[in-house]
Amino acid sequence: MGLFFRKSRQFSLLIFSFLSFISFGFSLSTVSISETSNLTLVCALVPSLELHRSSLNCSSFPVPGIQIPFNPNVSFTGIVSGNGFLCGLRPSFSSSNISVMHCWRFFSNGTKIEFKRIYRGPALKQLEAGNSIICGLNETNALECWQWPEFNQPRDQNFSAIAVGEGFVCGLSAGGNISCPGNFPGISDKEPEGNYSVIAVGFSHACAINADNYLVCWGKTVVGDTPQGKFNALALGQNRSCALRTNGTVVCWGQNNFSLPQELEGLRFITIKAKRNVFCGVSAWDFSLFCWGDANFNSNFKVFSEVLPGPCRNTCPCGPVQGSGRFCSNGGSICQACIIPFGPITPSPPSAPSPQPQNRSTSNDLNGRMVAFLVVGCVGSFSLLLVVCFFIFRYCKGRGCRVHDSGRLDETGAPANGVSNQPQTSQAPLAPAVLEKRLSQLTSMGNTGRLEEFSLEALIQATNNFSEDHKIGSGSFGSVYKATLDDGRDVAIKRAEITSTSSYAIGTKRQEDKDNAFVNELEYLSRLNHKNLVQLLGFCEDFNERVLVYEYMNNGTLHDHLHKFQNSPFMSWAIRLKIALDAARGIEYLHEYAVPPIIHRDIKSSNILLDATWTAKVSDFGLSLMGPEDDESHLSLRAAGTVGYIDPEYYRLQQLTSKSDVYSFGVVLLELLSGCRAIHRNENGVPRNVVDFVVPYILLDEIHRILDPRVPPPTPFEIEAVAYVGYLAADCVRPEGRDRPSMTQIVNSLEKALTACLLPPSFSRSTTQSST
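Residues numbered from 1 in each chain as written. Predicted model: local features only at pLDDT ≥ 70, side-chain atom pairs only at ≥ 80, totals over all residues. Heavy atoms only, no water.

As recorded in an unreviewed UniProt entry, the protein chain goes by the name non-specific serine/threonine protein kinase, listed as coming from Durio zibethinus.

Secondary structure summary: the protein chain contains 12 helices and 39 strands in total. For the protein chain, the proportion of its 772 residues judged to be buried stands at 52%. With the model as given, the accessible surface of the protein chain reaches about 35,400 Å², and the carbon-plus-sulfur share is 52%. (Helix = DSSP H or I, 4+ residues; strand = E, 2+ residues; numbered from the N terminus. Buried < 20%, exposed > 50% of the residue type's maximum accessible area, 1.4 Å probe, protein only. Areas by Shrake-Rupley, 256 points an atom, 1.4 Å probe, with all protein chains shown as cover.)

With six of its six residues buried, strand β8 (residues 124-129) lies for the most part within the structure. In this structure, β8 lies alongside strand β9 (residues 134-138), joined through five bridges in antiparallel fashion. Its bridge partner lying in β9, L124 is registered against N138. Between β8 and β9, which follow one another and run antiparallel, lie four residues. (Pairing = 2+ DSSP bridges.)

Take the nonpolar core next. Of all hydrophobic cores here, the largest spans 79 residues; its most connected members are L528, F665, L669, I746 and L750. Taken domain by domain, the makeup of this core includes at least three residues from each of domain 3 (448-498 + 510-551) and domain 4 (556-758). Judged by nonpolar contacts, the second largest core, of 53 residues, contains A235, F269, F290 and L308. (Core = buried A, V, L, I, M, F, W, Y, C linked by side-chain atoms within 4.5 Å. Domains from an automatic or database assignment.)

Right, let's get into the pattern of salt bridges. Here the structure, examined in full by the defined rule, presents 17 salt bridges. Linking D487 and R489 is a salt bridge whose minimum nitrogen-to-oxygen distance equals 2.8 Å. Two residues, R710 and D708, come together in a salt bridge whose shortest N-O distance is 3.5 Å. By relative accessible area, R710 is classed as partly exposed at 31%. One continuous salt-bridge network, built from bridges that share partners, spans E452, D487 and R489. (Salt bridge = Lys/Arg side-chain N within 4 Å of Asp/Glu carboxyl O.)

A large share of strand β28 (residues 478-484) lies buried, amounting to five of its seven residues. When strand β27 (residues 471-474) meets β28, the two strands line up antiparallel, connected through three bridges. Looking across to β28, one finds that K471 is bridged to Y481. When β28 meets strand β29 (residues 490-496), the two strands line up antiparallel, connected through seven bridges.

A few words on the UniProt feature "binding site: ATP" (unreviewed entry) in the protein chain. According to UniProt, the "binding site: ATP" (unreviewed entry) feature falls on K494. Looking at the secondary structure, you find K494 in strand β29. Given a relative accessible area of 5%, K494 falls into the buried group. (UniProt positions renumbered as here; feature names shortened; annotations may be inferred.)

Glancing now at the environment of C732. One can find C732 in helix α11 (residues 716-732). A residue is classified by how much of its surface remains accessible, and C732, at 0% relative accessible area, is buried. For C732 and D661, which are 71 residues apart along the polypeptide, the C-alpha to C-alpha distance reads 9.3 Å. If we skip the residues at most four places from it in the chain, C732 touches V662, Y663, G666, L669, R740, P741 and I746. (Contact = heavy atoms within 4.5 Å.)

Let's shift gears to the environment of F61. Mapped onto the secondary structure, F61 falls in strand β3 (residues 53-61). Given the relative accessible area of 17%, F61 is considered buried. As a C-alpha pair, F61 and L39 span 22 residues in sequence and 5.7 Å in three-dimensional space. With near-sequence residues (within four places) excluded, F61 lies in contact with N38, L39, T40, V42, N296, F297 and V303.

The next subject is the sheet that holds strand β16 (residues 215-219). If you trace the three strands from one edge of the open sheet to the other, you get β14-β15-β16, paired in antiparallel fashion. Here the strands that pair on one side only, and so sit at the sheet edges, are β14 (196-201) and β16. Across the sheet, the axes of successive neighbouring strands diverge by a mean angle of 20°, strand direction being ignored. Where β14 meets strand β15 (residues 205-210), five bridges bridge the pair, whose relative direction is antiparallel. (Axes fitted to C-alpha atoms, helices over the stretch in contact; angles between N-to-C directions.)

The topology assignment puts N607 in the loop between β32 (598-599) and β33 (608-610). A polar contact of 2.8 Å, which involves the side chain of N607, links it to the backbone oxygen of D602. If we skip the residues at most four places from it in the chain, N607 touches H600, D602, K617, V618, S619 and D620. (Polar contact = N/O pair within 3.5 Å; in protein donor to acceptor, adjacent residues only side chain to side chain.)

Right, let's talk about α11 for a bit. Taking 1.5 Å of rise per residue, the 17 residues of α11 would be expected to cover 24 Å, and the 25 Å separating its terminal C-alpha atoms lies within 8% of that figure. Burial within α11 is extensive, with 13 of its 17 residues counted as buried. (Expected span 1.5 Å × (residues − 1).)

What follows concerns the sheet that holds strand β11 (residues 161-164). In spatial order, the strands read β11-β12-β13; together these three strands make up an open sheet with antiparallel pairing. Only two strands of the sheet have a single neighbouring strand rather than two, namely β11 and β13 (178-179). Relative to strand β12 (residues 169-172), β11 runs antiparallel, the two sharing four bridges. Along β12, the bridge assignment pairs A161 with L172.

This brings us to the packing of helix α9 (residues 658-674) against α11. Interhelical geometry of α9 versus α11 gives an angle of 145° and a closest axis separation of 8 Å. When the axes of α9 and α11 are compared, the crossing they make is left-handed. Contacts between α9 and α11 involve V662, Y663, G666, L669, L670 and L673 on the former and, on the latter, V722, V725, G726, L728, A729 and C732. (Left-handed = near helix turned anticlockwise from the far one by under 90°.)

Before going further, it helps to spend a moment on the confidence of the model for the protein chain. Scored by pLDDT, the protein chain comes out at a mean of 77, with 72% of its residues at no less than 70. Mean pLDDT values for the elements of the protein chain range from 42 in helix α1 (residues 2-25) up to 97 in strand β34 (residues 616-618). The low-confidence segment residues 499-507 (pLDDT under 50) makes 14 contacts with residues lying over four places distant or belonging to another chain. Taken as a whole, residues 632-636 scores under 50 in pLDDT and shows 16 contacts with residues more than four places along the chain or in a different chain. (pLDDT = per-residue confidence, 0-100.)

Attention now moves to unusual backbone geometry. Look at the link from F61 to P62: it is a cis peptide, with omega at -10°. Locating P62 in the fold gives a position in the loop between β3 and β4 (78-82). The omega angle of the peptide bond from V595 to P596 is -5°, so this bond is cis rather than trans. Relative to the helices and strands, P596 resides in the loop between α7 (573-593) and β32. With a phi close to 70°, N141 is a non-glycine residue in the positive phi region. With respect to the element layout, N141 can be found in the loop between β9 and β10 (143-146). With a phi angle near 60°, D701 is a residue other than glycine that sits in the positive phi range. Here D701 is to be found in the loop between α10 (690-699) and α11. On the accessibility criterion, D701 (52% relative accessible area) is exposed.

The structure is reproduced here in structure tokens:
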């Protein structure tokens, strides 16, 4: 019989370890505490029952204190805090397998707030923070740590659960063994042996709960006697500790006879958290948050009337927290810890804990153990079945397993509304996973180089919630707004617009195009720096918002000066040639000096902007692509761009080269010369292309007949320069790309023409001919 019980106990420990892994493998904190100087910041995820989501809410003590400018519309899945920082974890808006972590850093007076994204990558299933270190576990149980200063994190560590102290990390292996890698006297050399299900650390001590729910503590500053009894949760601070009993009550011990305030002794909690001197717990009765530990809470322990007691999950191996389903959408609920051996904590009114029987008969103890073994074993088997089914589902989803399909095997799944799939191009729109991968590569810490990451709240404030009064135009993926930042900088803010359409297929395609444009612009401008390219200052990618922030170009677009403004300084041929030369130098940089070279694909007068000194700069890289290394090769893809500027050869053959940008720039030159739009109406109101209208006059040496009448007639030496640019424009718009000049040749020709406006040179028609 003794052998039977020993083997049953071993089996139950295995099942118990498995359940603990499931429960704590998805452990995200919904409460965080930060102490900075004389200020304490307590934050929690507060449920919004109408929207079935949680929002971040913080209270500072003493009030007024730290004010974190977070967006109330952004839903977080977990939060952590430390000395002078608060971090929130949320899933990416387009993929639940991607986690994004934003942090706010604040200082002792709470007046200066810095915002920063420190992580985007594989979903994090646990996130913990010490006083200065943040660590998490991803879906492969790999440990990753971050901090504002550099932190020498443990390498090649895999845990099922972690706890973070002051400069060290402890974790549980899949088998329940404790490891605190590193050299921390009293911590990493004193780990207890055995099988453990919960671990917590303070500043310089640690505690763990074993498979029988008993408590063990070790470290340099273990103060006070470790309480006896059975526990299922821990919260450790600086030289003080609290533990959550299996009946939901809390016991505290530590320096200066630290204990739980008498007013809270009868209250039952679901979870507890700690940082330095402050401890908080979520009430099992009404999910309110109580805090204790310093004088700020002595008169009023309740900080929030209702908080989220944990993250929402679709399945709970050991059952949900009773009453928590109302906080979660799609049938989800908040899971209770699997390590509770006596059933779920049922919410009950605050009351003193019932005295526990001290003596039990051997018979009752054995019967209780047998029942516990059977319950845990059944739940474990059911959980294992769920996990197997989940992986089968993922496999079939990825491989296309078919149980029954009456449709054609080559169908790709048309939407239910009957809209057929759009024809596929050789450059398919970015799938969400691909988009997230590119964003992850670009915006991971350090990968965006000189770019600044702006908080959405700051941009909303600067644009008065993106009001129409601030709107100044549109770009490849959204609207553009003028704003003045808190530091006095004038900026242009381009905000992505979410497509709204009754057609699912068309709407998805348009949204993917905008996603592609956003990433292209961020990718290219983050590594380009030229005086004739608009400078990207920073970005914001927050929830479903994507925003780029540029230097503000005071004098608008070339298009407006040519076709809208009645009074413009562009009434001089020298100024117009100077603008053309600036833009040509920007495009030349893309073609010749960017590595790899970049083809803009949307050169037009509205994408040439003018700063305060009338320097022209090329903008809007939403359609740009990395081009081939030489003109002999090309990219095969469906044509994109703006009607009137698109290279006919590219449109016809769907073969993109740098000469396609040359054609578009040639159209801009014709606009500068004639003052006509790329597509305009003739005298009879019929639409006409500027190329078809202007080029024949140039080739007949009658350019004077199509020059913009708003500009004074050119002087005798100016007319030679203008005619020379006319021949150059005609060469740029030749039908075949190989006959067009390169951007370097265009720059050289425009430099000569601009010089001619001041010093009459001698030109010949042949000097503008392309040698390619």
